[in-house]
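# Structural features, examined
One-letter residues, chain by chain:
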Amino acid sequence: MPETGYSRIVCTKCAAQLPVAGYACPKCQSSLAKVCGNCSFQNAVAKNYCDRCGTPMVLAPAASGASPFGSAAPAPLPNAALQRSGPPQAPSLHIVEPPSGLSIPAAQRREPGAPAPVPEGHYIPPPPPTEVSLSRLRRRDSRFSMIFWAPIAAVFAAAGFLYYDYQKPQSAIPRAAAQYLDALSRGDVAGAYALLSNASRIRCTLDEFRAGREETPWTWSDISLARLEPEAAVVKYRLQVKGQPAKDDYLIFLREDRSWVRPYNWNLLQRAEEAFIRSDPDMALIMAQAAVDIDPRDPMARGYLCEAVYYRKVPTQTEKECAAALKLAQVYPSKLSLKSLYHLHAILGDTYKNALQKYPEAVAEYDALLAFPDLTPADQCDLLLARADTRLAMGQNPEATADLQAAVGICTKPEDLGYIRKRRAALSEAPPQR
């Protein structure tokens, strides 16, 4: 054990004592500490004064038993003799040199907080670090970094997942639909109006939107996502109107400015229908086109546009809009009834036959019309005669004869029966087909 007052270098793990300061323990490669000889506080090996008591920390010299300040004891100072003879005189000051072997350090000023000076010859610089000790420190720093950053990364990852789950369409669309239906069912018209698309609010005022609401109480339940596209979605829900059986109903939502909004065009469709009633196809066309602009996926809006361009005698546009309306009706739910779908097929068949002379397409439309349920005899008579005419134009005389024969047992109007006799006579006089 070193003498009291000297500092010593020890290993913080295995407690091995080293004669000089170093970077790591040569036995276990653990860190070293400089133990204060005054208060036994463990300091860094590079410290020259104790962090606790401020005492200079000096290591024991290489020779055992040597005192850090020398072994020679100072000699006593000689007494100054006083002379009392004669008048009193001021005593003279005699400065006695200290005996050899006693070292008196010079006074030095030190700023507050500055480290205590180290006696000359007692500081031993640490050896350069070895590759093994550096590797251990790098691994320790890496572990400390992982311990610090891992919880922070986990928190950010969890927050990102929650935000993604909240914003993904599978969650955002049903939430928007529930907010819209809840506002309407509670009578909060302004709250539901705020969830409409920008184009809807431009073409429909709040008062007009309020006027279109029904007074009969109703409730909703069981929201689900029926169809999802990048920019549109169909929501299915259960509608319960007071006094009526519950039924499935649908809503279309569009993506707009990172939100899902409801396209509303019922007010425009009502105006288009009123224009048809008063025989104003131009106004009906304007209203139907505006309704399509608000919701391009609405089969009813596209059907009104088909009818408007048909009355304005624009066959190519009629073909485009009617075909689009029938295709949308197969994909998206709508309020189009069987009668409305029948009307669209009839317009498209007449356009193919009489305006565009696309006879195979016309025959396909008449086939689709004859497959509709609950057709009256008058409807069947008109369709058979139209298909017979189309087949005659195509040169399919046997098929046309079969249609005329089937029409004989269905048609009742004299003009229809006269037309059948005339066509059958012409076919009987025609040369046989080769």
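Provided above is the structure to which this section pertains.
Being a predicted model, the structure only gives us computed values, none of them experimental.

### Considering the pattern of salt bridges
- Tallied over the full model, the rule gives 18 salt bridges.
- A salt bridge links R271 to E208, with the shortest nitrogen-to-oxygen separation between them at 2.8 Å. Of this pair, R271 sits in helix α6 (residues 266-277) while E208 sits in helix α5 (residues 206-211), placing them 63 residues apart in sequence.
- Note that R238 is salt-bridged to D248, the shortest N-O span being 2.8 Å. Remark: D248 occurs in strand β7 (residues 247-256) and R238 occurs in strand β6 (residues 232-241); sequence separation between them is ten residues.
- A residue is classified by how much of its surface remains accessible, and R238, at 31% relative accessible area, is partly exposed.
- Within this structure, D367, R387, R391 and D403 form a network of salt bridges that share partners.

### Quick look at the sheet that holds strand β3 (residues 32-35)
- A sheet is described by the order of its strands in space; here four strands give the open sequence β2-β1-β3-β4, paired in antiparallel fashion. Strand pairing shows two members of the sheet lacking a second neighbour, β2 (17-18) and β4 (42-43), which therefore form its edges.

### Notes on a positive patch on the surface
- Residues K13, R136, R139 and R140 make up a contiguous surface patch of positive charge.
- Among the structural elements, R140 can be located in helix α1 (residues 131-167).

### Side note on the layout of surface pockets
- Roughly 1100 Å³ of internal volume is contained in the largest pocket.
- In terms of lining residues, the largest pocket is bounded by 37 residues, among which R213, Y237, D249, W266 and K335 are the most central.
- Of all the secondary structure elements, the ones that give two or more residues to the lining of the largest pocket are α2 (169-185), β6, β7 and α6.
- Here the lining of the largest pocket is composed, by residue class, of 17 nonpolar, eight polar and twelve charged.

Criteria and cut-off values
Within each chain, residue numbers correspond to sequence positions counted from 1 in written order. Where local features are concerned, this predicted model is filtered to residues with pLDDT of at least 70; where side-chain atom pairs are given and counted, the filter is 80 or more; whole-chain, interface and lining totals use all residues. Calculation of side-chain values draws on the structure's entire complement of heavy atoms; hydrogens and water are dropped beforehand. Here a salt bridge means any side-chain nitrogen of Lys or Arg lying within 4 Å of a carboxyl oxygen belonging to Asp or Glu. Numbering goes from the N terminus for both helices and strands, where a helix is a DSSP run of H or I of at least four residues and a strand is a run of E of at least two. Exposure classes here rest on a 1.4 Å probe applied to the protein chains alone. A residue is buried below 20% of its type maximum, exposed above 50%, and partly exposed in between. Two strands form a pair only when DSSP identifies at least two bridges running between them. Exposure above 30% relative accessible area and the absence of a salt bridge qualify a residue for a patch, where like charges join within 9 Å and nonpolar side chains (Val, Leu, Ile, Met, Phe, Trp, Tyr) within 5 Å. All accessible areas in this document rest on Shrake-Rupley with a 1.4 Å probe, and a residue is counted as covered only by the protein chains that are shown. The charge count includes Lys and Arg as positive and Asp and Glu as negative, but it does not include His or the ends of the chains. Every charge is mapped onto a representative atom, which is NZ of Lys, CZ of Arg, CG of Asp or CD of Glu. The way it works is a 1 Å grid over only the protein atoms, where trapped points that fit a 1.4 Å probe form a cavity and open points with protein on both sides within 12 Å along at least five of seven lines form a pocket, and then any residue with an atom within 4 Å of a point lines it. Grid points are joined across faces, edges and corners, and a volume is the space filled by probe spheres set on the points. Residues are sorted three ways: Asp, Glu, Lys and Arg are charged, Ala, Val, Leu, Ile, Met, Phe, Trp, Tyr, Cys and Pro are nonpolar, and all the rest, Gly among them, are polar.

Purely geometric numbers; function is a separate question.
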